[in-house]
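Observations on the model geometry
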Amino acid sequence: MRTTIGYTVESIGYVIGAQGLVSFASQTFFGTQWGWLHKLVDLPPTACLGILAAGLALVVTGVKTRKAPGRRQAA
C-alpha cells in the first residue's frame, strides 16, 4: 500500500511542480502565461516558485513513502 500511495503523491508532485515552473518561467522570461495555473488563480512569479517548491516537497515525500520499510507481521 505504501508503494501505491508513494507513487500517487509523487505523480501529483510532478504535475504541481511542473505547473509552478512553467508559470514562473513564462511570466519571468516571456511576459505571457502558460500552463493551467493561470486559469485557476492569478499569481505573481514569486508565488509560482512557492508552487514549484510545494510540488518538489510532494515528490520527496512520495519517494520517502515508497522506500519506507514496511511493518513486519508477527508469525
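Cut-off values and rules
- Residues numbered from 1 in each chain as written.
- Predicted model: local features only at pLDDT ≥ 70, side-chain atom pairs only at ≥ 80, totals over all residues.
- Heavy atoms only, no water.
- Helix = DSSP H or I, 4+ residues; strand = E, 2+ residues; numbered from the N terminus.
- Buried < 20%, exposed > 50% of the residue type's maximum accessible area, 1.4 Å probe, protein only.
- Contact = heavy atoms within 4.5 Å.
- Areas by Shrake-Rupley, 256 points an atom, 1.4 Å probe, with all protein chains shown as cover.
- Salt bridge = Lys/Arg side-chain N within 4 Å of Asp/Glu carboxyl O.
- Expected span 1.5 Å × (residues − 1).
- 1 Å grid on protein atoms, 1.4 Å probe; cavity = no way out; pocket = protein on both sides within 12 Å on 5 of 7 lines; lining within 4 Å.
- Points joined across faces, edges and corners; volume = space filled by probe spheres on them.
- Nonpolar A, V, L, I, M, F, W, Y, C, P; charged D, E, K, R; others polar.
- Polar contact = N/O pair within 3.5 Å; in protein donor to acceptor, adjacent residues only side chain to side chain.

**Re the overall build of the chain**
- Secondary structure assignment for the chain yields three helices and zero strands.
- The order of helices and strands in the chain, counted from the N terminus, is α-α-α.
- For the chain, the proportion of its 75 residues judged to be buried stands at 21%.
- Residue pairs at least 24 apart in sequence account for 63% of intrachain contacts in the chain once pairs closer than 6 positions are excluded.
- Accessible surface computed for the chain: about 5,500 Å², of which carbon and sulfur atoms make up 67%.

**Thoughts on the pattern of salt bridges**
- Following the criterion strictly, the structure yields one salt bridge and no others.
- A salt bridge links arginine 66 to glutamate 10, with the nearest nitrogen and oxygen atoms 2.9 Å apart. Of this pair, arginine 66 sits in helix α3 (residues 45–67) while glutamate 10 is found in helix α1 (residues 2–30), placing the two residues 56 residues apart along the sequence.

**Overview of α3**
- Compared with the 33 Å implied by 1.5 Å per residue over 23 residues, the 33 Å span of α3 between its first and last C-alpha is a close match.
- Listing the buried residues of α3 in full gives Cys48, Leu52, Gly55, Val59 and Gly62.

**Describing the environment of lysine 67**
- Along the chain, lysine 67 falls in helix α3.
- The spatial distance from the C-alpha of lysine 67 to the C-alpha of glycine 6 is 8.3 Å, given a sequence separation of 61 residues.

**Structural notes on empty space enclosed by the protein**
- Under the criterion given, the structure shown has one cavity of 30 Å³ or more.
- Ser23, Gln27, Gln33, Leu37, His38, Val41, Asp42, Leu43 and Cys48 are the residues that line the largest cavity.
- For the lining of the largest cavity, the elements supplying multiple residues, two or more each, are α1 and α2 (37–40).
- Per-class residue counts for the lining of the largest cavity are four nonpolar, four polar and one charged.

**A closer look at the side chain of glutamate 10**
- With relative accessibility at 9%, the residue glutamate 10 sits in the buried group.
- Here the side chain of glutamate 10 touches arginine 66 through a polar contact of 2.9 Å, side chain to side chain.
- If near-sequence neighbours (up to four positions away) are discounted, glutamate 10 is found in contact with Leu58, Val59, Gly62, Val63 and Arg66.

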